[in-house]
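Tertiary structure, described
Each chain is listed here by its residues.
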Amino acid sequence: SKSTRYRHRKRAVLSISSLFSSSSDESLENNPNPLIPNIIIPDSLHVNTENTNTIEVNTLHNNDLNSSYKNSDDNILNDLSSSSDDNTILSDDDKCEDVEFIIARWACRNSICHSVLDDLLFSLSKCSQLKNLPKDSRTLLHTPSTSTVLKTIEGGLYYHFGIVNEIEYLFKTHKNVPTVLQLIVGVDDLPLMKNPPSAYYGKSKPSDCNEYMQDFVDELCTLINVGIVVNNVHIKVLLKAIICDAPAKSYILNFRGHTAKNSCLRCSTIGQYENNRVYFPDLTSNLRTHRDFVACIDTEFHCGETVISKIL
């Protein structure tokens, strides 16, 4: 930019001035511009000969050199003042602060992952005007330095983000939030939502479904029974549905898989195996009840108790 070029040239002039500071005091006193040193031009440079092969060297005298620098500086300052309403010149640090805010807002608005943001910051840091930008995305986004405590369960690692945190974030980003929130929970490998209440990492699915769902069920029970107060507003939370496919449903409810003979969730019919598949020919079996399901009466159907029964 023009301001940067002006500062660089001014530093160069000061450096040259310091080099010539050992010159005679008389030459410095006669210099009208203290930033521009008196440059003694040897007489040998003023060459005027009649030979055609001789090179003629033209140089500026001190007064011409001073006026040239002065006019150039005045033009740059005038250009800068005309391009700014308040006649102020932003420093590199001020510009970096504005760029930091723009990049951080862009990253949050477009859900840019940290690895991509780190690569962008590394590329921008090569520019001399943006050398003061943070090198790490966590510094740019002011990510809290608190460590994330992962819970080790049988099969892998688990972390519960919390439903309360998502509700508080909902109030920060939206207006006119209803006082009764109906939750729809998805349990599947497909990422149906951007902000899940929990996350699991492992080579296989968790061995114990109750250990996997315990934190979620405990928090949801508290929200259903007590609710939550956000911005002096009492919010009531209801569980509307749990969406999952057949394998996930049998896993969280802890009953036989959909390929077993005793796997019908609606009634107590027993399937038959034929042509490499299980089918249920009996359509007159007794229907299952909520009380029987919670009590785990049918031992051929249930694999064990489930914590999901607390919120059913």
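Structural data are supplied above this passage.
This write-up is about the structure you can find in this document.

Cut-offs used in this document
Residues numbered from 1 in each chain as written. Predicted model: local features only at pLDDT ≥ 70, side-chain atom pairs only at ≥ 80, totals over all residues. Heavy atoms only, no water. Helix = DSSP H or I, 4+ residues; strand = E, 2+ residues; numbered from the N terminus. Buried < 20%, exposed > 50% of the residue type's maximum accessible area, 1.4 Å probe, protein only. Contact = heavy atoms within 4.5 Å. Areas by Shrake-Rupley, 256 points an atom, 1.4 Å probe, with all protein chains shown as cover. Pairing = 2+ DSSP bridges. Axes fitted to C-alpha atoms, helices over the stretch in contact; angles between N-to-C directions. Phe/Tyr/Trp six-rings, centres within 6.5 Å; stacked < 30°, edge-to-face > 60°. Lys NZ or Arg CZ within 6 Å of the ring centre and 35° of its normal. Polar contact = N/O pair within 3.5 Å; in protein donor to acceptor, adjacent residues only side chain to side chain. Salt bridge = Lys/Arg side-chain N within 4 Å of Asp/Glu carboxyl O. Arc of directions from axis to C-beta. Patch = residues over 30% accessible without salt bridge, like charges linked within 9 Å, V, L, I, M, F, W, Y side chains within 5 Å.

**Focus on the overall build of the chain**
When helices and strands are tallied, the chain shows 10 helices and 8 strands. Taking all 312 residues of the chain together, 25% fall into the buried category. Contacts spanning at least 24 positions in sequence make up 59% of the contacts within the chain whose residues lie at least 6 apart. Accessible area of the chain: about 21,900 Å², with a carbon and sulfur share of 53%.

**Examining the sheet that holds strand β2 (residues 156–160)**
Remark on secondary structure: sheet strands pair via backbone hydrogen bonds, oriented parallel or antiparallel. If you walk across this open sheet you meet the 3 strands as β1-β2-β4, and the pairing is antiparallel. Since the sheet does not close on itself, it has two edges, and those belong to β1 (151–153) and β4 (198–202), each with one partner. Across the sheet, the axes of successive neighbouring strands diverge by a mean angle of 25°, strand direction being ignored. Pairing of β2 with β4 involves 5 bridges; the strand directions are antiparallel. Across the sheet, the residue bridging to G156 is G202, located in β4. Along the sheet, helix α8 (residues 209–225) contacts β1, β2 and β4; its crossing angle with β2, the most-contacted strand, is approximately 5°.

**Focus on the packing of aromatic side chains**
Two measures describe an aromatic ring pair: the distance that separates the ring centres and the angle between the ring planes. Tallying each qualifying case throughout the model produces 6 aromatic pairs. Here Y159 and F161 contribute two aromatic rings whose centre-to-centre distance is 4.9 Å and whose plane-to-plane angle is 80°, an arrangement assigned as edge-to-face. Y159 gets classed as partly exposed once you look at its relative accessible area, which sits at 27%. Taken together, the aromatic side chains of Y158, Y200, Y212 and Y251 make up a single cluster linked through ring pairs. One residue, R288, lies across the ring of F301, its end atom 3.8 Å from the ring centre.

**A look at the side chain of H160**
For H160, the position within the fold is in strand β2. Note on H160: relative accessible area 18%, which makes it buried. Within the structure, the side chain of H160 is placed 3.3 Å from the side chain of Y158, a separation counted as a polar contact. If we ignore the near neighbours within four places in the chain, the residues touching H160 are P197, S198, D215, F216 and E219.

**Here we look at the pattern of salt bridges**
Per the counting criterion, the structure on display carries 3 salt bridges. The partner of D215 in a salt bridge is K151, with the nearest N and O atoms 3.5 Å apart. One end of the pair, D215, is in helix α8; the other, K151, is in strand β1, and 64 residues separate them in sequence. With relative accessibility at 29%, the residue K151 sits in the partly exposed group.

**Description of helix α7 (residues 163–173)**
When α7 is considered as a whole, its buried residues turn out to be I163, I167 and F171. The arc that holds the buried residues of α7, viewed along the axis, is 80°, so those residues lie on one side. Tucked into the core, α7 has its buried residues touching β2, β3 (180–186), α8, β5 (228–230) and β6 (233–243).

**Observations concerning a nonpolar patch on the surface**
Together, L150, L157 and Y201 give the surface a local cluster of nonpolar side chains, amounting to about 330 Å² of exposed area. Locating L150 in the fold gives a position in the loop between α6 (137–140) and β1. What makes L150 partly exposed here is its relative accessible area of 47%.

**Focus: the environment of A199**
Within the secondary structure layout, A199 lies in strand β4. For A199, a relative accessible area of 34% corresponds to the partly exposed category. When the C-alpha positions of A199 and Y212 are compared, they lie 10.0 Å apart, and in sequence the two are 13 residues distant. Discounting residues that sit within four places of it in the chain, A199 has contacts with L157, Y158, Y159 and F161.

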